[in-house]
Amino acid sequence: MRLGFVGLPVSGKTTVFETLSGDAASAEHHGPTMARIASVKVPDERLDFLQELFQPKKVTHAAIDFVDIPGIISETGREENSRILASLREADALIHVVRLFESEAAPHPRQSVDPKRDIDEVESEMAFADLAIAEARIEKLEVSVKKSTPEQEREKKELEVLMRCRDALENGSKLIGLGLSDQKLKLLSSYCFLTLKPEVLLLNIGEGDVGNDSILEKARDWPGEAIAMCAQVEMEIAALDSEEDRRTFLAEMNITEPAADKLKAAAYRALGVATFFTTVSDELRAWTVRQGDDAVTAAGKIHTDISRGFIRAEVVSVNDLKELGSMKEAKAKGKLRLEGKDYIVQDGDVVFFRFSK
Ligand SMILES: Nc1nc2c(ncn2[C@@H]2O[C@H](COP(=O)(O)OP(=O)(O)OP(=O)(O)O)[C@@H](O)[C@H]2O)c(=O)[nH]1
Ligand SMILES: [Mg+2]
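An account of the accompanying structure is given in this report. (Residues numbered from 1 in each chain as written. Chains lettered and ligands numbered in written order. Predicted model: local features only at pLDDT ≥ 70, side-chain atom pairs only at ≥ 80, totals over all residues. Heavy atoms only, no water.)

Quick word on the overall build of the chain
- Looking only at helices and strands, the chain has 13 helices and 13 strands in total.
- Over its C-alpha trace the chain gives a radius of gyration of 23 Å, about what one expects of a compact globule, namely 21 Å for 357 residues.
- Seen along its three principal axes, the alpha-carbon backbone of the chain occupies a region of about 70 × 65 × 35 Å.
- Counting every position in the chain, which comprises 357 residues, the buried fraction comes to 45%.
- Restricting the contact set of the chain to residue pairs at least 6 apart, pairs at least 24 apart contribute 67%.
- Of the side-chain charges in the chain, 48 are positive and 63 negative, and the distance between the mean point of each set is 7 Å. (Helix = DSSP H or I, 4+ residues; strand = E, 2+ residues; numbered from the N terminus. Rg over C-alpha atoms; globule rule 2.2 N^0.38 Å. Buried < 20%, exposed > 50% of the residue type's maximum accessible area, 1.4 Å probe, protein only. Contact = heavy atoms within 4.5 Å. Lys, Arg positive; Asp, Glu negative; His and termini not counted. Charge placed at Lys NZ, Arg CZ, Asp CG, Glu CD.)

A few points about the sheet that holds strand β7 (residues 199-204)
- An order of β2-β3-β5-β1-β6-β7-β8 is seen for the seven strands of this open sheet, with the pairing classed as mixed. Of all the strands in the sheet, just β2 (28-30) and β8 (226-229) have a single pairing partner and so form its edges. Across the sheet, the mean angle separating the axes of adjacent strands is 30 degrees when strand polarity is ignored.
- Strand direction decides the pairing type here: strand β3 (residues 35-41) and strand β5 (residues 63-68), joined by six bridges, are antiparallel. Bridge pairing in β5 links Ile37 to Val67.
- Taken strand by strand, helix α9 (residues 259-271) contacts β1 (2-6), β5, β6 (93-99), β7 and β8, and its axis lies near 170 degrees from that of β8. (Pairing = 2+ DSSP bridges. Axes fitted to C-alpha atoms, helices over the stretch in contact; angles between N-to-C directions.)

Comments concerning the site of ligand 1
- Close to ligand 1 lie 17 residues; Gly12, Lys13, Thr14, Thr15 and Gly71 are nearest.
- Thr15 places a polar side-chain atom, nitrogen or oxygen, 2.5 Å from an oxygen atom of ligand 1.
- For ligand 1, the protein covers 70% of the area, taking 650 Å² as the surface of the free molecule.
- Contributions of two or more residues to the shell around ligand 1 are made by α1 (13-21) and α7 (231-238).
- Considering every element that reaches the shell around ligand 1, the biggest residue donor is α1, with three residues.
- Of the residues in the shell around ligand 1, the class split is eight nonpolar, seven polar and two charged. (Near = heavy atom within 4 Å. Polar contact = N/O pair within 3.5 Å; in protein donor to acceptor, adjacent residues only side chain to side chain. Areas by Shrake-Rupley, 256 points an atom, 1.4 Å probe, with all protein chains shown as cover. Nonpolar A, V, L, I, M, F, W, Y, C, P; charged D, E, K, R; others polar.)

Remarks on the packing of α7 against helix α8 (residues 243-252)
- Running from N to C, α7 and α8 point in directions that differ by 155 degrees, and their axes come no closer than 9 Å. Judged by the angle between their axes, α7 and α8 are roughly antiparallel. On the side of α7, the interface is formed by Glu236, Ile237 and Ala238, while α8 contributes Arg246, Phe249 and Leu250.
- Partitioning the contact of α7 with α8 into residue classes produces four nonpolar, no polar and two charged. (Parallel < 35°, antiparallel > 145°, perpendicular 65-115°, else oblique.)

Re the pairing of β6
- A large share of β6 lies buried, amounting to seven of its seven residues.
- Bridge count for β1 against β6 is four bridges, and the pairing is parallel. Bridge pairing in β6 links Phe5 to Ile95.
- Note that β6 and β7 share six bridges and pair parallel. Note that in β7 the partner of Val98 across the bridge is Leu203.

What follows is the structure, encoded as structure tokens:
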């Protein structure tokens, strides 16, 4: 899964990014805007349990790729901003960081703390970036739909959806709010529109507001997931050497959940993620799919051969294994089920795929 940070300059994106990726120096720079990407493994106590049970040679955690880009500001110009934002097109979800701490360094004239003002600016730059893509494609399609080709019907449909998108974006609405059908979304999938992505709001609060639960009130108007953290404090905690020091510091600051866990949980909720586990040739591995994905889609995460040659899946939930203590018991109690192609993978499933080569 890939999560991209977006926000104004000095909102704290890089601070959060470096806190989460631990070793900042290892983050790689990519593309013309020098976006940075870091891969972070997702701790999962269910995986620890399965490791005890199956004793595999290798364990592979699910990973989240974080992408950090330079801050977006309207004065930079729409074209340049579109270029910067292009690094986020591959992201599954966006983390919109907004500043709630006082800072003299914030770009003039935005020194005062005003989350609504800042959020609106970033949102409208993202809408412009999407609009530019929609308009360019509409222009091409308006010419090509006139020709009678095998593509004509599809192109007409695509043009119709894109025009709806253009209207919405021109009115300042996010595309995610259009509630487009799966069929229509499929027509748009190659454009990777930013405003179609689930977006988590991250309120980057000042040191004085740490532990103040009512701060989330500030995100009252935000339609999606919102979390609050103080990036500065989280960074200092993450930099401590021992786990014990970290725990003590967290407790002292009244922080019940470290930033990484909070962000992961919020992103998983926003995306609707389900984790499943496989054990194949001595490797135990965690995978993520979207909630509602079927067994064939899940198989495709591992290898296209497995989805193509899919015969069936044998499934047992990790909770049943915990309760019964072994695969043998799970089988004996009928908890290892045979499932077909249409089976919807559930969070915490341990799946053994049977397929023909
Ligand atoms: N007081 C305080 N300062 C913070 C906090 N988070 C970040 N900062 C400071 O704000 C400044 C900017 O933070 P960055 O993380 O570099 O901000 P950014 O969003 O990556 O900025 P750009 O890359 O310019 O877009 C740094 O000096 C940070 O130390 C916070 O929670 N509290
Ligand atoms: Mg930065």
